[in-house]
Amino acid sequence: MKALVLTEYNHLSVQDLPKPTIKPNEVLVRVQAVGICGSDVHGMDGSSGRRIPPIVMGHEASGIIAEVGDDVRGWSVGDRVTFDSTVYALDDWYSRRGMYNLSDGREVVGVSTPDFKRQGAFAEFVAIPHHILYAIPDNVSFTQAALVEPVAVALHALSLTPIQVNDSAAVVGAGMIGLFIIQALKLAGCGTIIAIDLDDDRLALARKLGATHTINAGASDRKSPDVAKQVQSLTHGRGADVSFEVVGAGPTVKTAIDCVRKGATVTLVGNLAPSVEIPLQAVVTRQLRLQGSCAINGEYEAALALISSGRINVEAILSAEVPLEEGADWFKRLYEKEKGLIKVVLKP
Ligand SMILES: [Zn+2]
């Protein structure tokens, strides 16, 4: 089968690999669409340590079941499916307590670390355990279904965050996940949704998708006050009730902390820098709750339903749909942060 392989750091090439052989609890999925994730782009150069070559990356995918393992029940050849990016153990302590995203020994499709390697979906076929499959509603396309994973990541972040009707929320980072969080905040009844980014085009898109206000953090100077002050001016002088950090870097974590009111929750979704500095005294004396949000814990069905009913717009985030063969080129364009590019979907 054709596969886009990370043969060494910063080098992708289309190779002919043997079709995966499935285990009794797995199905073979003929991939129809697979999104390039930011974590793939950042993983490509070795900086994250989570894409050790050689590896077929790709965990945001959809396709058609081509083979069914002997122990699989309830799924048939021809079924249209998408799947969780996390492969978790069912008999794990965390899974049994409803936190499968935290399960010990969890693996991620298309990721390789010193502990595990699992081939991903930048290929014609991928082997997937049946307990992480989800049926795609008839009116949802394969391309839309390939974007379910990031929508579910956004829904998971919301599920951890206390939000009441008419609350104010600040979203630091208007990339793909940030834009899905903004749409979900609107659905959750937030009255004030403030998108903060450095890119005016992304901020314009944020407004189109539900942000009530936008702040370009790069524009702060003597004339326009700093971001925290601007957020305060939009929230009765207090700061936002909740904030989401969707970049994963020191300055944006600080912004997410600076722009909330006392007693607020700051949900950290971005995951780029291994460590950042936090303003300890502000967190303690303002009694802030900082919490991480990891991946997805059961939000797939909701994400598929919201896409199916049109309440979450995934097309707005889609920049290009291209053949798998062009993957290396599009990876490069994403790596170089080409302006206007958000989500690229490959079609094997
Ligand atoms: Zn992803």
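Analysis parameters
- Residues numbered from 1 in each chain as written.
- Predicted model: local features only at pLDDT ≥ 70, side-chain atom pairs only at ≥ 80, totals over all residues.
- Heavy atoms only, no water.
- Pairing = 2+ DSSP bridges.
- Helix = DSSP H or I, 4+ residues; strand = E, 2+ residues; numbered from the N terminus.
- Axes fitted to C-alpha atoms, helices over the stretch in contact; angles between N-to-C directions.
- Phe/Tyr/Trp six-rings, centres within 6.5 Å; stacked < 30°, edge-to-face > 60°.
- Lys NZ or Arg CZ within 6 Å of the ring centre and 35° of its normal.
- Donors = N, O, S within 2.8 Å, 3.2 Å for Na, K, Ca; no water.
- Buried < 20%, exposed > 50% of the residue type's maximum accessible area, 1.4 Å probe, protein only.
- Right-handed = clockwise from strand over helix to strand, strands pointing away.
- Polar contact = N/O pair within 3.5 Å; in protein donor to acceptor, adjacent residues only side chain to side chain.
- Contact = heavy atoms within 4.5 Å.
- Core = buried A, V, L, I, M, F, W, Y, C linked by side-chain atoms within 4.5 Å.
- Domains from an automatic or database assignment.

**Considering the sheet that holds strand β14 (residues 213-216)**
Item 1. In spatial order, the strands read β14-β13-β12-β15-β16-β17; together these 6 strands make up an open sheet with parallel pairing. This sheet does not close on itself; its edge strands, each paired only once, are β14 and β17 (289-292). Averaged over all pairs of adjacent strands, the angle between their axes in this sheet comes to 20°, without regard to strand direction.
Item 2. Taken together, the 4 bridges between strand β13 (residues 192-197) and β14 define a ladder with parallel strand orientation. Across the sheet, the residue bridging to A195 is T214, located in β14.

**With respect to the packing of aromatic side chains**
Item 1. Overall, the coordinates contain 4 aromatic pairs when judged by the stated rule.
Item 2. Stacked on the ring of F125, the Lys or Arg K19 has its end atom at 5.0 Å from the ring centre.
Item 3. A cation sits over an aromatic face here: R80 above F142, 4.6 Å from the ring centre.

**A look at the coordination of the zinc ion**
Item 1. Around the zinc ion, the donor atoms from the protein are C37 (SG), H59 (NE2) and E60 (OE), and they sit 2.1 to 2.4 Å away.
Item 2. Along the chain, the residues that donate to the zinc ion are spaced as C-x21-H-E. Taken together, the residues C37 in the loop between β3 (26-35) and α1 (38-43) and H59 in the loop between α1 and β4 (60-68) connect sequence positions 22 residues apart. Each member of the pair, C37 as well as H59, is classed as buried.

**Description of the pairing of β13**
Within a regular strand, side chains alternate between the sheet's two faces.
Item 1. Most of β13 is tucked away, with 6 of its 6 residues classed as buried.
Item 2. The two faces of β13 match: T192, I194 and I196 on one face and I193, A195 and D197 on the other face are all buried.
Item 3. Relative to β13, strand β12 (residues 168-172) is paired through 5 bridges, and the arrangement is parallel. The residue of β13 that forms the bridge with A169 is I193.
Item 4. What joins β12 to β13 is helix α5 (residues 176-187), and the crossover it makes is right-handed.
Item 5. Once you follow β13 into helix α6 (residues 200-208) and on to β14, the crossover reads as right-handed.

**Focus on the pairing of β4**
Item 1. With 8 bridges connecting them, β3 and β4 associate as antiparallel partners. By the bridge assignment for β4, R30 is matched with I64.
Item 2. Pairing geometry for β4 and strand β5 (residues 80-83), over 3 bridges, is antiparallel. Across the sheet, I64 pairs through a bridge with R80, a residue of β5.

**Concerning the side chain of H156**
Item 1. If you trace the backbone, H156 turns up in helix α4 (residues 148-159).
Item 2. With relative accessibility at 5%, the residue H156 sits in the buried group.
Item 3. A distance of 3.4 Å separates a polar atom in the side chain of H156 from a polar atom in the side chain of N101.
Item 4. Here H156 is in contact with N101, S293, C294, A295, I296, N297 and E299, once residues within four sequence places are set aside.

**A few points about the nonpolar core**
Item 1. Core analysis: the biggest nonpolar cluster contains 95 residues, and F122 and I181 have the highest contact counts within it.
Item 2. Here this core spans two domains, since at least three of its residues come from each of domain 1 (2-150 + 296-347) and domain 2 (161-292).
Item 3. Setting aside residues no more than four positions away along its own chain, I181 makes contact with A154, A157, L158, V171, F244, V246 and V269.

**What about unusual backbone geometry?**
Item 1. Omega for the peptide link from P53 to P54 comes to -5°, which places this bond in the cis form.
Item 2. With respect to the secondary-structure elements, P54 resides in the loop between α1 and β4.
Item 3. Phi at N166 is positive, roughly 75°, even though this residue is not glycine.
Item 4. Within the secondary structure layout, N166 lies in the loop between α4 and β12.
Item 5. The class for N166 is exposed, based on a relative accessible area of 58%.
Item 6. The backbone of H236 sits at a positive phi, close to 55°, despite the residue not being glycine.
Item 7. Structurally, H236 can be placed in the loop between α7 (227-234) and β15 (240-245).

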